[in-house]
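Here is what each chain is made of, one letter per residue.
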Amino acid sequence: MTKLGFFTSLVYPDYRRLWIATGCAQSASWALILLRGALVYNLTQSNAWVGFVTMAAHLPSLVVTPFAGFLADRLDRRRVLTVTYSLNLAHNVILALLVLSGQVTAWQILGLAILNGCFRATEMPTNQALLPNLVPPSRLLNAVALNQLMQQGARMLGPLLLVPVIHFIGHEMAFFVSTILYAIGWTQVARIRTASRGTVEATRGIFFNLAAGIGYIYTHPLVFAIMILTVLHCALTMAYEAVLPYFARSILGMTTGGDLFKGPTYLMIGVGAGGIVGNLALARVQGDKMRGQLFLWVGLASGLAPMVFGSMTTVSQAMLTAAIMGASTAAFMTLSHGMIQALAPDGIRGRVMGANTWHAQGTMAGFNAINGVLMDLPWMTVPILLSGTGFIFVAIMFGSLLAAHLRAIYAHGIPAVVHAR
């Protein structure tokens, strides 16, 4: 480590630009998740609609991400990023103007969420494929941790920027916060100078090349084991966005006016603050064995945290336990992404990360919709839902000790750099 400690990878200019752009894009995305959820509930009075809109922002990853991974290997990754940021900027402008006009409908929000999900599904694997080319191999795990720090910290930054706008101006103008954030992010990705692309076999068909990333995951036992555990983690501990508006209303009593928008925002600020702490701690972890052990322990914590969160009854308690939830889930995802990025060859990394994102985001999409529908059942409560899903994941983590590949990770970790370049 240099004297910069946690932030050693930021000495590399192109990585620094990607890091700032990632923070802006992620902050905009989390701000939109909260604003869309609160707005669509205000329009429909339905938790199921909140779940469907949240799902719509994730669902395109099932279709788009494999092609996005192919594009990230076939074309210059920095150019692909610039285009996706431009499209997301246009999306945010259109949505903000519709809300400001007062004529926005639930169906329009749903349609725009799908578009936003398509653009994000292209942006994320391209970002992950480009990142290892912007730092030396010895800095890869630090760079991944800092990138995840920014992604998870955006859960706090995006909502935090919303609070004064909602309070002093109104929720309609809060939608322009995401527009401004994407504009800043676009200026950063447009300045990246490092050319990066993968290896696509021109003599083979597009579907052969698309299948390369999925094939690598499914035929590489270590990567497959990590991916399966990550998918279950996303389904059972991270599909809570659709629950937050209901939690704020029914348990915290935030039911009227601006509170409908501020309640979920406060909770997400707690999650984001925890994510920052979790990733800052990981940024200094050097030993392979320590990383492996942490993968087990933060996985267990990820299951326990929502069980505690669901039983809280005040805003301060909920924000504190949301921070614990954010720290554990962020640390788990950072370790998972870092291991897969280190294992994936650079020539197909875009497709490998695209396939990994496809599985994780698709799972979160489906379970957000399921959770939204479940919260409309007369007998369902937040403690029952979150305790149930959290308990299942704790049981899965204990069960994973029976799997040889995962047990080897917990005991020894994996090398910090395998195929970093």
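Here, every reference points to the structure presented above.
Residues numbered from 1 in each chain as written. Predicted model: local features only at pLDDT ≥ 70, side-chain atom pairs only at ≥ 80, totals over all residues. Heavy atoms only, no water.

Novice: Mind showing me how you'd approach the overall build of the chain here?
Specialist: When you go through the chain residue by residue, the secondary structure sums to 16 helices and 0 strands. Within the chain, buried positions represent 61% of all 421 residues. For the chain, contacts bridging at least 24 residues in sequence account for 86% of all contacts bridging at least 6. Surface summary for the chain: the accessible area is close to 15,300 Å², and the carbon and sulfur share equals 71%. (Helix = DSSP H or I, 4+ residues; strand = E, 2+ residues; numbered from the N terminus. Buried < 20%, exposed > 50% of the residue type's maximum accessible area, 1.4 Å probe, protein only. Contact = heavy atoms within 4.5 Å. Areas by Shrake-Rupley, 256 points an atom, 1.4 Å probe, with all protein chains shown as cover.)

Novice: Would you take a moment to explain the environment of I166 for this structure?
Specialist: Looking at the secondary structure, you find I166 in helix α6 (residues 140-168). With 95 residues separating them along the chain, I166 and F261 place their C-alpha atoms 7.7 Å apart.

Novice: It is not clear to me how empty space enclosed by the protein should be interpreted in this structure. Could you clarify?
Specialist: Regions of empty space are outlined by a rolling probe, equal in size to a water molecule, passed over the atoms. If you walk through the whole model with that rule in mind, you get 8 cavities of 30 Å³ or more. In this model, the largest cavity occupies a volume close to 380 Å³. Lining the largest cavity are 28 residues; nearest its centre among them are Q26, H58, M124, Q361 and M364. Elements represented by at least two residues in the lining of the largest cavity include exactly α1 (13-44), α2 (47-58), α5 (106-130), α6, α13 (315-343) and α14 (349-374). Top contributing element to the lining of the largest cavity by residue count: α5, with 6 residues. (1 Å grid on protein atoms, 1.4 Å probe; cavity = no way out; pocket = protein on both sides within 12 Å on 5 of 7 lines; lining within 4 Å. Points joined across faces, edges and corners; volume = space filled by probe spheres on them.)

Novice: Sorry, what's going on with the packing of aromatic side chains here?
Specialist: Any aromatic ring pair is given by two values, namely how distant the centres are and how the planes are angled relative to each other. All told, the structure shown has 7 aromatic pairs when counted by the stated rule. Pairing F247 with F309 gives two aromatic rings, centres 4.7 Å apart and planes at 20°, and the pair type is stacked. Highlighted residues: F247 in helix α10 (residues 244-250) and F309 in helix α12 (residues 288-309), separated in sequence by 62 residues. Like F309, F247 is buried. Aromatic side chains F295 and F332 sit 4.6 Å apart centroid to centroid with 20° between the ring planes, which places their arrangement in the stacked category. Placement of F295 in helix α12 and of F332 in helix α13 is noted, with a sequence separation of 37 residues between them. Residue F332 is classed as buried on the basis of its relative accessible area, which comes to 0%. Put simply, the rings of F295, F332, F393 and Y410 pair up and form one aromatic cluster. (Phe/Tyr/Trp six-rings, centres within 6.5 Å; stacked < 30°, edge-to-face > 60°.)

Novice: What is the right way to look at helix α15 (residues 382-399) in this model?
Specialist: Residues that lie three or four places apart on an α-helix share one face, since the helix turns once every 3.6 residues. Taking 1.5 Å of rise per residue, 18 residues should cover 26 Å, and α15 covers 26 Å from first to last C-alpha, within 8% of that figure. Every buried residue of α15 is accounted for by V382, L385, L386, T389, G390, F393, V394 and M397. Angular distribution of buried residues about the axis of α15 spans 155°; they occupy a single face of the element. What points out from α15, more than 90 degrees from its buried face, is the exposed set F391 and F398. (Expected span 1.5 Å × (residues − 1). Arc of directions from axis to C-beta.)

Novice: Just checking my understanding: could you explain the pattern of salt bridges for this structure?
Specialist: Any two side chains of opposite charge can pair, on the condition that their charged atoms come close. Applying the stated rule across the entire model yields 2 salt bridges. Here D14 makes a salt bridge to R17, at a shortest N to O gap of 2.6 Å. Within this pair, D14 and its partner R17 are both found in helix α1, separated by 3 residues, close to a single helical turn. Neither D14 nor R17 differs from the other in exposure class; each is buried. In this structure, the salt-bridge partner of E123 is R120, at a minimum N-O distance of 2.6 Å. One end of the pair, E123, and the other, R120, are both in helix α5, 3 residues apart, so they sit about a helical turn from each other. Relative accessible area serves as the criterion here: at 8%, R120 is assigned to the buried category. (Salt bridge = Lys/Arg side-chain N within 4 Å of Asp/Glu carboxyl O.)

Novice: Got a minute to help me understand a nonpolar patch on the surface in this structure?
Specialist: A cluster of nonpolar side chains, namely V93, L97, L100, F168, I169 and M173, defines an oily patch on the protein surface of about 590 Å² accessible area. When residues of the nonpolar patch are assigned to their parent elements, the largest contribution, 3 residues, is made by helix α4 (residues 77-101). In this fold, M173 is placed in helix α7 (residues 171-189). The exposure class assigned to M173 is partly exposed, which follows from its relative accessible area of 34%. (Patch = residues over 30% accessible without salt bridge, like charges linked within 9 Å, V, L, I, M, F, W, Y side chains within 5 Å.)

Novice: It is not clear to me how the environment of G388 should be interpreted in this structure. Could you clarify?
Specialist: Locating G388 in the fold gives a position in helix α15. When its relative accessible area of 30% is taken as the criterion, G388 is described as partly exposed. When the C-alpha atoms of G388 and L236 are compared, they prove to be 8.9 Å apart, with 152 residues separating the residues in sequence.

Novice: Sorry if this is basic, but what is going on with the nonpolar core here?
Specialist: Within soluble globular proteins, side chains that are nonpolar generally end up buried alongside one another. Y15 and F175 are the most contacted members of the largest nonpolar core, which has 52 residues in total. Taken together, the elements giving at least two residues each to this core come down to α1, α2, α4, α5, α6 and α7. The element that contributes the greatest number of residues to this core is α1, accounting for 14 residues. When near neighbours in sequence (up to four residues on either side) are disregarded, F175 contacts L32, L35, R36, L39, L95, A96 and V99. (Core = buried A, V, L, I, M, F, W, Y, C linked by side-chain atoms within 4.5 Å.)

Novice: Would you take a moment to explain unusual backbone geometry for this structure?
Specialist: Glycine aside, residues mostly have negative phi, and peptide bonds are mostly found in the trans state. The backbone of Q45 sits at a positive phi, close to 55°, despite the residue not being glycine. Topologically, Q45 is positioned in the loop between α1 and α2.

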